[in-house]
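Observations on the model geometry
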Amino acid sequence: MMDFRHEWKHEISCADLFALRPRLTAVMQPDAHAVHGRYEIRSMYFDNLQDKALREKIDGVNSREKFRIQYYNADISLILLEKKSKMNGLCGKEKEKLTLEEVQGIASGDWTVAADTKKTLLQELYLKQKIQGLRPKTIVDYTREPFVYAAGNVRVTLDYHIRTGMRCTDFLNPQCVMVPAGDAPIILEVKWETFLPAVIRDIVQIPGTHTSAFSKYAACRIYG
């Protein structure tokens with residue numbers, strides 16, 4: 001079963017980031033995957049010819065999903081297939097590890113690597129490739145500063161330097177040309193399960209900001 005969580009997103013400025021960083025550091029712990037307080041993320045998103053995932057996001061469809069492949073800090077020894085779902089304002093995520101061969105095949109359009117898989121999520125992606133026409137659409141790179149807080153299983157992240165590969169799907173190529181996604185803002189994300197502790201709620205309150213529906217995928221798809 002997928003565990004669903006509450007999620008807030010806020011578009012913030014550089015000044016907000018500089019003000020938030022020491023407050024978060026004083027109360028929360030850095031994520032275990034962080035290197036010097038941050039990590040670099042590369043994702044490849046899937047969509048069909050009708051841009052189903054993109055249109056449902058823009059239209060604010062209540063129940064929707066999107067698939068992506070992701071790795072961290074240029075380390076391709078761990079590549080994850082993820083399905084992110086949204087339902088009634090709550091967010092859920094499923095993950096599954098992929099092999100290099102599976103990733104190379106999917107990125108190049110050779111889906112035979114997934115045809116006989118026993119991996120549940122990869123089976124679902126393969127089925128939706130056949131039925132819905134899901135295909136790799138674009139690469140998205142960004143920098144993340146992650147913080148965690150045990151009570152309420154809270155996770156706060158600061159995402160910036162969002163870059164797009166436009167139509168590039170050469171996911172494993174470190175030399176793939178990435179360009180800034182226009183004037184994409186810094187994104188503050190707050191996620192929690194059962195409750196959001198008051199100390200975290202107070203820290204992330206920034207005057208003049210409001211809950212945002214910003215999507216890195218949508219921002220990068222403007223360019224291809």
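A brief look at the structure comes next. (Residues numbered from 1 in each chain as written. Predicted model: local features only at pLDDT ≥ 70, side-chain atom pairs only at ≥ 80, totals over all residues. Heavy atoms only, no water.)

Before going further, it helps to spend a moment on the pattern of salt bridges. Enumeration over the complete set of coordinates arrives at 23 salt bridges. Arg21 serves as the salt-bridge partner of Glu145, at 2.6 Å between the closest nitrogen and oxygen. Of this pair, Glu145 sits in strand E7 (residues 135–149) while Arg21 sits in helix H1 (residues 14–27), placing them 124 residues apart in sequence. Lys137 is the partner of Asp51 in a salt bridge, and the nearest nitrogen-oxygen pair spans 3.4 Å. In this pair, Asp51 is assigned in the loop between strand E3 (39–47) and helix H2 (52–59) and Lys137 in strand E7, connecting sequence segments 86 residues apart. Residues participating in the shared-partner salt-bridge network are Glu7, Lys84, Arg144, Asp159, Glu189, Lys191 and Lys216. (Salt bridge = Lys/Arg side-chain N within 4 Å of Asp/Glu carboxyl O. Helix = DSSP H or I, 4+ residues; strand = E, 2+ residues; numbered from the N terminus.)

As paired strands, strand E1 (residues 4–12) and strand E6 (residues 90–98) are joined by two bridges and run antiparallel to one another. The partner of Arg5 across the bridge, within E6, is Cys91. Alignment of E1 against strand E10 (residues 186–192), held across seven bridges, turns out to be antiparallel. Residue His6 lies in a different strand from E10, and its bridge partner there is Trp192. (Pairing = 2+ DSSP bridges.)

Here the focus is helix H5 (residues 120–131). Compared with the 16 Å implied by 1.5 Å per residue over 12 residues, the 16 Å span of H5 between its first and last C-alpha is a close match. Within H5, burial applies to Leu121, Leu122, Glu124, Leu125, Lys128 and Gln129. The buried residues of H5 occupy an angular sector of 155° when projected down its axis, which confines them to one face. Within H5, the exposed residues directed more than 90 degrees away from the buried face are Thr120, Lys130 and Ile131. Gly133 occupies a position one or two residues after H5 and carries a positive phi of about 80°. (Expected span 1.5 Å × (residues − 1). Buried < 20%, exposed > 50% of the residue type's maximum accessible area, 1.4 Å probe, protein only. Arc of directions from axis to C-beta.)

Let us now look at the packing of aromatic side chains. This structure, assessed with the given rule, holds five aromatic pairs. For the ring pair Tyr45 and Tyr217, a centre distance of 5.0 Å and an interplane angle of 25° mean the geometry is stacked. Residue Tyr45 is found in strand E3, and its partner Tyr217 is found in helix H7 (residues 216–221); the two are separated by 172 residues along the sequence. Judged by relative accessible area, Tyr217 falls into the buried class, the value being 2%. Their ring planes at 75° and their centres at 5.0 Å tell us that Tyr71 and Phe171 sit as a pair that is edge-to-face. Here the residue Tyr71 occupies a position in strand E4 (residues 64–72), and Phe171 occupies one in the loop between strand E8 (154–164) and strand E9 (179–180), the gap between them amounting to 100 residues. The exposure class of Phe171 is buried, given its relative accessible area of 0%. (Phe/Tyr/Trp six-rings, centres within 6.5 Å; stacked < 30°, edge-to-face > 60°.)

Once that is clear, we can look at the nonpolar core. Counting residues in hydrophobic clusters, the biggest one holds 21 residues, and the most contacted among them are Phe46, Ile69, Leu81, Leu125 and Phe171. Put simply, the parts of the chain that give this core at least two residues each are E3, E4, strand E5 (75–87), helix H3 (100–108) and H5. The residues touching Phe171, leaving out its near neighbours within four places in the chain, are Arg42, Ser43, Met44, Ile69, Gln70, Tyr71, Ile79, Val103 and Ile139. (Core = buried A, V, L, I, M, F, W, Y, C linked by side-chain atoms within 4.5 Å. Contact = heavy atoms within 4.5 Å.)

You can see Gly109 is positioned in the loop between H3 and helix H4 (112–115). Residue Gly109 is classed as partly exposed on the basis of its relative accessible area of 47%.

A word on a nonpolar patch on the surface. Among the surface-exposed residues, Met166, Ile222 and Tyr223 lie close enough to one another that they form a single nonpolar patch of about 300 Å² accessible area. On the secondary structure map, Tyr223 appears in the segment after H7. A residue is classified by how much of its surface remains accessible, and Tyr223, at 36% relative accessible area, is partly exposed. (Patch = residues over 30% accessible without salt bridge, like charges linked within 9 Å, V, L, I, M, F, W, Y side chains within 5 Å. Areas by Shrake-Rupley, 256 points an atom, 1.4 Å probe, with all protein chains shown as cover.)

Compared with an ideal rise of 1.5 Å per residue, which puts 14 residues at 20 Å, H1 spans 21 Å between its outermost C-alpha atoms and is within 8% of the ideal. For H1, the principal kink sits at Leu20 and spans about 25°; a proline, Pro22, occurs within the next four residues. Looking only at H1, the buried set comprises Asp16, Leu17, Leu20 and Leu24. For H1, the secondary structure elements touched by its buried residues are E1, E7, E8, E10 and helix H6 (198–203). (Bend = angle between axes of the 7 residues up to and from the residue.)

Right, let's talk about the side chain of Thr143 for a bit. With respect to the helices, strands and loops of the structure, Thr143 is situated in strand E7. A distance of 2.8 Å separates polar atoms of two side chains, one belonging to Thr143 and the other to Glu40. When neighbours within four sequence positions are excluded, Thr143 is seen to be in contact with Arg38, Tyr39, Glu40, Leu158, Asp159, Tyr160, His161 and Arg163. (Polar contact = N/O pair within 3.5 Å; in protein donor to acceptor, adjacent residues only side chain to side chain.)

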